[in-house]
Amino acid sequence: MSEPFKLYRLQQIDSQIDQINNRLRAIEVALKADKTVRLAQKRKEQSQEVVKTDQKKLRDAEHDVQAQRVKIEQSESTLYGGKVRNPKELQDLQNEVASLKRYLSVLEDRLLEAMISVEAAEENLQADSKLFEKAMSATATQHKDLSREKESLLIDLDRLEGQRSAATISIPDEDIQIYDQLRRSRSGVAVARIVDKCCSACGTTLNSALLHAARSPNQMSRCDGCNRILYSG
C-alpha cells in the first residue's frame, strides 16, 4: 500500500469525521434554539398579562357599579322614607338620585366595555395557548428526531475514530505532522486526488514530472498551486 494512498485514505476518514462533527454542532444549536417555542411562549405570556389587566379593570368596573347602586338605594331610601319633608330638601334628593342614576348608566357602559375586553382577551389567550402547545409538540417531535440522529452519528463517529487510529499506525510521524499542518491551513483538506492531470482541490494543471512523481508509491508529491499532498489514484 503506497504512502500517498494511506494519507488519502486518512483524508477520507477525517473528512467524514469533520462532516459528522459539523452536523453534531448544528444539532446542538437546534436543540438549544427553540426559537418557535420561545416566540409562542412570549406571545402567550403577553396575552396572559392582557387578560390579567382587563380582568382587574372588570373587577374595578363591577365594584364601581355596585357602589353606585348602593348610593342610589341609600338616597332613594332617604327620599321615600318619609323623614324628609322639606320641599327643597326633597327636590335636592330627587336631583341627587337622578344624577346618581345618570352616572350609573355611564358606569354600566364602562362595565359592558370591560366585559367585552375580557372576553376578547380570553379568546386571544386561548388561541395563543393552542399555538404554544402546537409549537411545543412540534419541537418535541423535532427534538426526538434530532436526538435519534445524534445517537446514530455518535456511533458512526466512534467507528470512524477507530478506523483513523488504525490508519495512522502505518504512517510515519513526520508525514502525519505534514498532513495535520496542511489540514489546519487548507480548510481540512490535506490530500487532493489528481483528476484529468489537475489537482482536484485547487484546479492547478500539473506538469509531467509532477504527475510522474505522484505515481511513486514511496514519494510524497505536493501540488504547485496549493501545496497539498497529491494522490494519483
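As a starting point, this report considers the structure included with it. (Residues numbered from 1 in each chain as written. Predicted model: local features only at pLDDT ≥ 70, side-chain atom pairs only at ≥ 80, totals over all residues. Heavy atoms only, no water.)

What follows covers the overall build of the chain. Looking only at helices and strands, the chain features five helices and three strands. Reading the secondary structure of the chain in the N-to-C direction produces α-α-α-α-β-β-α-β. A compact globule built from 233 residues should have a C-alpha radius of gyration of about 17 Å, whereas the chain, at 41 Å, is more than 25% larger. For the C-alpha atoms alone, the extent of the chain along its principal axes is close to 130 × 35 × 25 Å. For the chain, the proportion of its 233 residues judged to be buried stands at 32%. Restricting to contacts in the chain with at least 6 residues of sequence separation, those with at least 24 account for 71%. Of the roughly 15200 Å² of accessible surface on the chain, 49% is carried by carbon and sulfur atoms. Each charge class in the chain was averaged separately, 37 positive and 36 negative side chains, and the resulting centres sit 4 Å apart. (Helix = DSSP H or I, 4+ residues; strand = E, 2+ residues; numbered from the N terminus. Rg over C-alpha atoms; globule rule 2.2 N^0.38 Å. Buried < 20%, exposed > 50% of the residue type's maximum accessible area, 1.4 Å probe, protein only. Contact = heavy atoms within 4.5 Å. Areas by Shrake-Rupley, 256 points an atom, 1.4 Å probe, with all protein chains shown as cover. Lys, Arg positive; Asp, Glu negative; His and termini not counted. Charge placed at Lys NZ, Arg CZ, Asp CG, Glu CD.)

The next subject is the packing of helix 1 (residues 3-33) against helix 3 (residues 87-168). In contact at an axis separation of 9 Å, helix 1 and helix 3 are set at 155° when each is read in the N-to-C sense. Regarding the angle of helix 1 to helix 3, the classification is roughly antiparallel. In the packing of helix 1 onto helix 3, the handedness of the crossing is left-handed. In the contact of helix 1 with helix 3, the residues fall into 14 nonpolar, six polar and nine charged. (Axes fitted to C-alpha atoms, helices over the stretch in contact; angles between N-to-C directions. Parallel < 35°, antiparallel > 145°, perpendicular 65-115°, else oblique. Left-handed = near helix turned anticlockwise from the far one by under 90°. Nonpolar A, V, L, I, M, F, W, Y, C, P; charged D, E, K, R; others polar.)

A few words on helix 3. An α-helix turns once per 3.6 residues; consequently, residues spaced three or four apart project the same way. An ideal rise of 1.5 Å per residue puts 122 Å on 82 residues; helix 3 measures up with 115 Å between its terminal C-alpha atoms. You can read the cap of helix 3 off the contacts: a side-chain oxygen lies 2.9 Å from the backbone nitrogen of K88, and it is on N86. (Expected span 1.5 Å × (residues − 1). Polar contact = N/O pair within 3.5 Å; in protein donor to acceptor, adjacent residues only side chain to side chain.)

With phi around 55°, S187 is a residue other than glycine that occupies positive phi space. Taking relative accessible area as the criterion, S187 reaches 74% and is therefore assigned exposed. Notably, D196 is not glycine yet its phi reads approximately 50°, a positive angle. Positionally, D196 belongs in the loop between strand 1 (191-195) and strand 2 (198-199).

So, about the sheet that holds strand 2. One open sheet holds the three strands; their spatial order is 2-1-3, and the pairing between them is mixed. Every interior strand has two partners, whereas the edge strands, strand 2 and strand 3 (229-231), have only one. Summarising the sheet, strand 1 and strand 2 pair through two bridges and their orientation is antiparallel. Among the inter-strand pairings, V195 is bridged to a residue of strand 2, identified as C198. (Pairing = 2+ DSSP bridges.)

All right, on to the side chain of D175 then. Among the structural elements, D175 can be located in helix 4 (residues 173-185). Salt bridges are absent for the buried D175, whose nearest opposite-charge side chain, R222, sits at 8.1 Å. When residues no more than four places from it in sequence are discounted, the contact partners of D175 are E3, L7 and M220. (Salt bridge = Lys/Arg side-chain N within 4 Å of Asp/Glu carboxyl O.)

The next point concerns the packing of aromatic side chains. Going through the model one piece at a time under the given rule, you end up with two aromatic pairs. Their ring planes at 50° and their centres at 5.9 Å tell us that F5 and Y231 sit as a pair that is tilted. With F5 in helix 1 and Y231 in strand 3, this pair connects stretches of sequence that are 226 residues apart. Where Y8 meets Y231, the ring centres are 4.5 Å apart and the plane angle is 20°; that geometry is what we call stacked. In this pair, Y8 is assigned in helix 1 and Y231 in strand 3, connecting sequence segments 223 residues apart. We classify Y8 as buried; its relative accessible area is 15%. (Phe/Tyr/Trp six-rings, centres within 6.5 Å; stacked < 30°, edge-to-face > 60°.)

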